[in-house]
Amino acid sequence: MRQQRYDVVIVGGGAAGLSGALTLARARRSVLVIDAGEPRNAPASHIHNYLGRESTPPAELLAIGRGEAAGYGAEIVEGRVASAERLPGGGDGGQGFRVVTEDGRSVEARRLLVTTGLVDELPSVPGLAERWGREVLHCPYCHGREVADRPIGVLATGSLAVHQALMWRQWSDDVTLFLHTGPEPTEEEYEQLAARGVAVVDGEVAGLEIADDRFTGVRLASGRVVPREALVVQARFTARSAVLESLGLKPVPQEMGGVVIGSYIPADPTGATEVPGVWAAGNVTRLTEQVIGAAAAGLMAGGAVNGDLIAEDTRLAVAARRA
């Protein structure tokens, strides 16, 4: 950290954080990005649906983003933020915060932008986590094209499994729904699955079959193995909200189709939270956002933060002029 106080400290250096840093640095703000180096999409081989960057490896996109933000003066450091707190009076008559890292470093900021993302909590099936982002998938728009026309399994752990199976049927005509620990489909759902040619397999899944470092099938508790080349799961999306919670914000559940799919920190369309001076962007506040959406949210938040700082700069200048 080159200085002790910045206009903005950004916690998290993924697409949202770096986009916010780029926006703010171009606005001639002093910006510090503190990144723990744990991008959610690290297991994935490529990013998709990012116009102009289709099929870019995640690490390459981050390297490009760091270079662009740093080119305008943003400072990017490695570290894990343990907490943040509001400073009384803000020092210069404006708002202010102190950010403390786990290794004891501290830095002050006039505004905070938190882009810490989320954690994918996976079903407890042996071998599943090791294949996450490779053949174990959750988003058809992220990975569907790459497994098109191949044998796909869908692991049921909740009531959205039928919806998942019918959705993935768009990418392959060989889809099998493993009921596992999920609820029994309704008569209407069974009819829908049958009409779309989706097979249904009873019984709990005991593990994954791997051969030559490739996923080859689903092993049931009965010992039966059903050959598959990709397995779809429903992860629980849990916001990395510790820093925001240290400021008094609380995560709330997010539902889809009446089912809780995770937790997030509420924010308005610009990313402003209920704590004045604190913004959030990306998956920490929008669980289903893809990379390009997270980058757009970082831009939106960066612009809003700069606008807020301009208003404060103006207020302080008027007060100084009248003094």
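Our structure is the block above this text.
Residues numbered from 1 in each chain as written. Predicted model: local features only at pLDDT ≥ 70, side-chain atom pairs only at ≥ 80, totals over all residues. Heavy atoms only, no water.

A. Local environment of the nonpolar core. Counting residues in each nonpolar core, the largest one holds 24 residues, and the members touching the most others are Val 9, Ile 34, Val 99, Leu 112 and Leu 244. Secondary structure elements with two or more residues in this core: strand S1 (5-11), strand S2 (31-35), strand S4 (81-86), strand S5 (97-101), strand S6 (106-114), helix H6 (242-245) and strand S19 (278-280). Of all the elements, S6 adds the most residues to this core, at 4 residues. Those residues in contact with Leu 244, other than ones at most four positions away along the chain, are Val 114, Leu 249, Ile 265, Val 278, Ala 280 and Val 284. (Core = buried A, V, L, I, M, F, W, Y, C linked by side-chain atoms within 4.5 Å. Buried < 20%, exposed > 50% of the residue type's maximum accessible area, 1.4 Å probe, protein only. Helix = DSSP H or I, 4+ residues; strand = E, 2+ residues; numbered from the N terminus. Contact = heavy atoms within 4.5 Å.)

B. Local environment of the pairing of strand S12 (residues 205-211). Alignment of S12 against strand S13 (residues 214-220), held across 6 bridges, turns out to be antiparallel. For Leu 208, the partnering residue across the bridge sits in S13 and is Val 218. (Pairing = 2+ DSSP bridges.)

C. Here's a closer look at the pattern of salt bridges. Under the defined criterion, the tally for this structure stands at 22 salt bridges. The partner of Arg 29 in a salt bridge is Asp 313, and the shortest N-O contact between them spans 3.1 Å. With Arg 29 in the loop between helix H1 (15-26) and S2 and Asp 313 in helix H7 (residues 291-322), this pair connects stretches of sequence that are 284 residues apart. Given a relative accessible area of 13%, Arg 29 falls into the buried group. Residue classification places Asp 313 among the partly exposed residues on the basis of a relative accessible area of 29%. Across the salt bridge formed by Arg 105 and Asp 103, the nearest N and O atoms sit 3.1 Å from each other. Taken together, the shared-partner salt bridges in this structure form one network comprising Asp 7, Arg 29, Arg 110, Arg 111, Asp 308, Glu 312, Asp 313 and Arg 315. (Salt bridge = Lys/Arg side-chain N within 4 Å of Asp/Glu carboxyl O.)

D. Broad picture of the sheet that holds strand S18 (residues 259-264). Reading across from one edge, S7-S16-S18-S17 is the order of the 4 strands in this open sheet, with mixed pairing throughout. If you trace the sheet from one side to the other, it starts and ends with strand S7 (118-121) and strand S17 (252-256), each paired once. Put simply, the sheet's adjacent strands are angled 30 degrees from each other on average, direction ignored. In this structure, S7 lies alongside strand S16 (residues 236-239), joined through 4 bridges in antiparallel fashion. Its bridge partner being in S16, Val 119 is matched across the sheet by Thr 238. (Axes fitted to C-alpha atoms, helices over the stretch in contact; angles between N-to-C directions.)

E. Fine view of the environment of Glu 191. With respect to the helices and strands, Glu 191 occurs in helix H5 (residues 187-195). Classification of Glu 191 by relative accessible area gives exposed; the value is 58%. Expressed as a C-alpha distance, the spacing of Glu 191 and Val 107, which sit 84 residues apart in the sequence, is 59 Å.

F. Structural context of the environment of Leu 220. Looking at the secondary structure, you find Leu 220 in strand S13. Sequence separation of Leu 220 and Val 201 is 19 residues, and the distance between their C-alpha atoms is 9.5 Å. Excluding residues within four positions of it along the chain, Leu 220 makes contact with Phe 178, Val 201, Asp 202, Gly 203, Glu 204, Val 205 and Ala 206.

G. Local environment of the packing of helix H4 (residues 161-168) against H5. Packing of H4 against H5 leaves a shortest axis separation of 10 Å and a crossing angle of 15 degrees. The pairing of H4 with H5 is recorded here as roughly parallel in orientation. Crossing of H4 over H5 shows left-handed handedness. Of the residues in H5, those touching H4 at Val 162, Ala 165 and Leu 166 are Glu 189, Gln 192 and Leu 193. Partitioned by chemical class, the residues of the contact of H4 with H5 number 4 nonpolar, 1 polar and 1 charged. (Parallel < 35°, antiparallel > 145°, perpendicular 65-115°, else oblique. Left-handed = near helix turned anticlockwise from the far one by under 90°. Nonpolar A, V, L, I, M, F, W, Y, C, P; charged D, E, K, R; others polar.)

Spatial relationships are all this shows, so hold off on functional conclusions.
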